[in-house]
Amino acid sequence: MEYRFLGQSGLQLPVFGFGCMTFSDGVGQFAAVGSTNGASAERLVDICLEHGTDFFDTADAYASGRSEEILGAALGARRNAVTVATKAFFRMGQGRHDTGLSRRHLIEACEASLRRLGTDWIDLYQVHNFDSFTPLEETLRALEDLVRAGKVRYLGCSNYAAWQLAMAHGIAKAEHLGGYVGQQIQYSLAVREAEEELLKCGPQIGVGAIIWSPLAQGFLSGKFRGQAGGKTRLELSGALAAYDNPRGSAILAAIDGIVEARGGGVTHSQVALNWVRARHGVTSILIGARTESQLLDNLGAATWTLTEAEIAALDTVSEVPLRYPVSMQYTYGAERNASPFKRYG
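Draft legend 1. Structural context of a nonpolar patch on the surface. Taken together, Tyr 324, Met 328 and Tyr 332 make up a surface patch of nonpolar side chains, about 460 Å² in accessible area. Residue position: Met 328 is located in helix H13 (residues 326–332).

Draft legend 2. Inspection of the environment of Ala 63 at higher detail. Along the chain, the position of Ala 63 falls in the loop between strand S4 (55–57) and helix H2 (66–75). Each C-alpha atom of the pair Ala 63 and Val 33 lies 9.6 Å from the other, and the pair is 30 residues apart in sequence. The contact partners of Ala 63, leaving out residues within four places of it in the chain, are Phe 23, Ser 24 and Phe 30.

Draft legend 3. Geometry of unusual backbone geometry. Looking along the chain, the bond that leaves Tyr 324 and enters Pro 325 is cis, with omega of 5°. Backbone geometry places Ser 64, a non-glycine residue, at a positive phi of 55°. The residue Gln 217 is not glycine, and still its phi comes out positive at about 60°. With respect to the helices, strands and loops of the structure, Gln 217 is situated in the loop between strand S9 (208–212) and helix H7 (233–236). Take Gln 217: its relative accessible area is 22%, and that puts it in the partly exposed class.

Draft legend 4. Structural detail: the pattern of salt bridges. For the structure shown, the criterion picks out 20 salt bridges. Between Glu 68 and Arg 116 there is a salt bridge, with its nearest N and O atoms 2.6 Å apart. Here Arg 116 lies in helix H3 (residues 103–117) and Glu 68 lies in helix H2, a separation of 48 residues in the sequence. With a relative accessible area of 0%, Glu 68 lands in the buried category. Between Arg 103 and Asp 145 there is a salt bridge, with its nearest N and O atoms 2.7 Å apart. Residue Arg 103 is located in helix H3, and its partner Asp 145 is located in helix H4 (residues 136–148); the two are separated by 42 residues in the primary sequence. Owing to a relative accessible area of 35%, Asp 145 belongs among the partly exposed residues under this scheme. Taken together, the salt bridges that share partners define one network made up of Arg 192, Glu 195, Arg 279 and Asp 315.

Draft legend 5. Structural view of the sheet that holds strand S5 (residues 83–88). The sheet built from 8 strands closes into a barrel, its strands ordered S3-S4-S5-S6-S7-S8-S9-S10 with parallel pairing. Neighbour-to-neighbour, the strand axes of the sheet open up by a mean angle of 30°, direction not taken into account. The strands touched by H3 within the sheet are S5, strand S6 (122–127) and strand S7 (152–158), with S6 carrying the most contacts at an inclination of about 140°.

Draft legend 6. Highlighting the state of the cysteines. All chains considered together, the criterion is met by 0 disulfides. No disulfide involves Cys 48; its sulfur sits 7.9 Å from that of Cys 20, the nearest cysteine. A relative accessible area of 0% places Cys 48 in the buried class. There is no disulfide at Cys 157, and the cysteine sulfur nearest it, in Cys 201, is 9.2 Å away. Overall, the relative accessible area of 1% leaves Cys 157 in the buried class.

Draft legend 7. Looking closely at the nonpolar core. The biggest cluster of nonpolar side chains holds 89 residues, and the ones touching the most others in it are Tyr 125, Tyr 180 and Leu 220. Among the nonpolar cores identified, the runner-up in size contains 9 residues, and Leu 6, Leu 13, Phe 55 and Val 181 belong to it.

Rules used in this analysis
Residues numbered from 1 in each chain as written. Predicted model: local features only at pLDDT ≥ 70, side-chain atom pairs only at ≥ 80, totals over all residues. Heavy atoms only, no water. Patch = residues over 30% accessible without salt bridge, like charges linked within 9 Å, V, L, I, M, F, W, Y side chains within 5 Å. Areas by Shrake-Rupley, 256 points an atom, 1.4 Å probe, with all protein chains shown as cover. Salt bridge = Lys/Arg side-chain N within 4 Å of Asp/Glu carboxyl O. Helix = DSSP H or I, 4+ residues; strand = E, 2+ residues; numbered from the N terminus. Contact = heavy atoms within 4.5 Å. Buried < 20%, exposed > 50% of the residue type's maximum accessible area, 1.4 Å probe, protein only. Pairing = 2+ DSSP bridges. Axes fitted to C-alpha atoms, helices over the stretch in contact; angles between N-to-C directions. Disulfide = S-S within 2.5 Å. Core = buried A, V, L, I, M, F, W, Y, C linked by side-chain atoms within 4.5 Å.

If you want it as C-alpha cells, here you go:
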C-alpha cells in the first residue's frame, strides 16, 4: 500500500481508504447503499488492515449515526492503530441548531460522534457541506476549539466550491487558525469537473483531496450496462441514466480494452481506481465496498499501476469541455497557463 501526506499536514493516509457509508442496518434511505453491520463489518475492517488500508471515513448523517456506531464496534481495541474521519453538517434532529456549521451544532455534533464511535478523539473532522448562513469565521473558530480541546486532530471540508475553500484558507491564515488540510470531493473518470478548479486550488494552498465515488456509484465497474429498473443506489438515484450515455459507453469500452490487453489479470474497477490514483492533488481514494469480494477486488488496485499510454487513452475518452472562465484561460491564454489536467506529481 502506498501512503501520502494529506496536504501540507503531517497526517499520512493510504492511497486507498475505506468509506463506511455501507455500514447500516439496511433500513430507511440508506438501505440501497448497504446493510453491513456486526461481524460482517468487522470482517471488512480486518481485510482492510491486512492490506494496509488503515483509514476509515464515515459521517454522522450516514444511517442516522449507525455507521459511526458500527465502525466503532468493528474497530474495538484496534482504534489506536487506525485513522478515523467523520463529518458534520446535515440535520440530526428537529431543533433549529441540529444542522449546519454553527458553533453550537458543531460542538454538539462532535461530542455525539465521539460517543457513537466509542473514542476520545477524531483524527480528521470534516464539515460535510458549506453553510451560507453561518460566518466562516465562526465555523473555523469552533473547529479550532475542538482541536485545542484534544477532541480533533486535523480538519477538512467536503463539497466546497473552490472559492469557498480559498476563502476559508485566507481566513485561517489571517486569524492564525489551523484551517483545512483536506477536501473530500467527488471525482472519477465519469465525473471530472473537479479538475477545473478544486484540484488546482487544493495543492496551491496545501489541501489534499480525498475522493468519494471514484467508481461513479459502481457504474465504472461495468456491471450495470444495459440494466434498468433495479434497486441499487446507482439506479434509484437516477445516476445510471446520467452515466449510461455515449460518453459513458466510450469510457467503459476504453476500460474493456485495457482489461483485455492485460490478459484479464486486472478488473474494470481497478482500472478506474488507478486512473484516479494518478491524478494531481489526490491523497486518498475511498472504497465503498459492501462485500468481501468487492473489497478484495478494489484493494487489488494497489498492486499495480497504469502505463502512461493507458492513462492517455482514458484521459482522451473521458475528457469534458471546460467551462467559463477556465475555458477562456486555457483556450485563449494557453501560452501562460499550464494544463488543468496535470497528473499526480
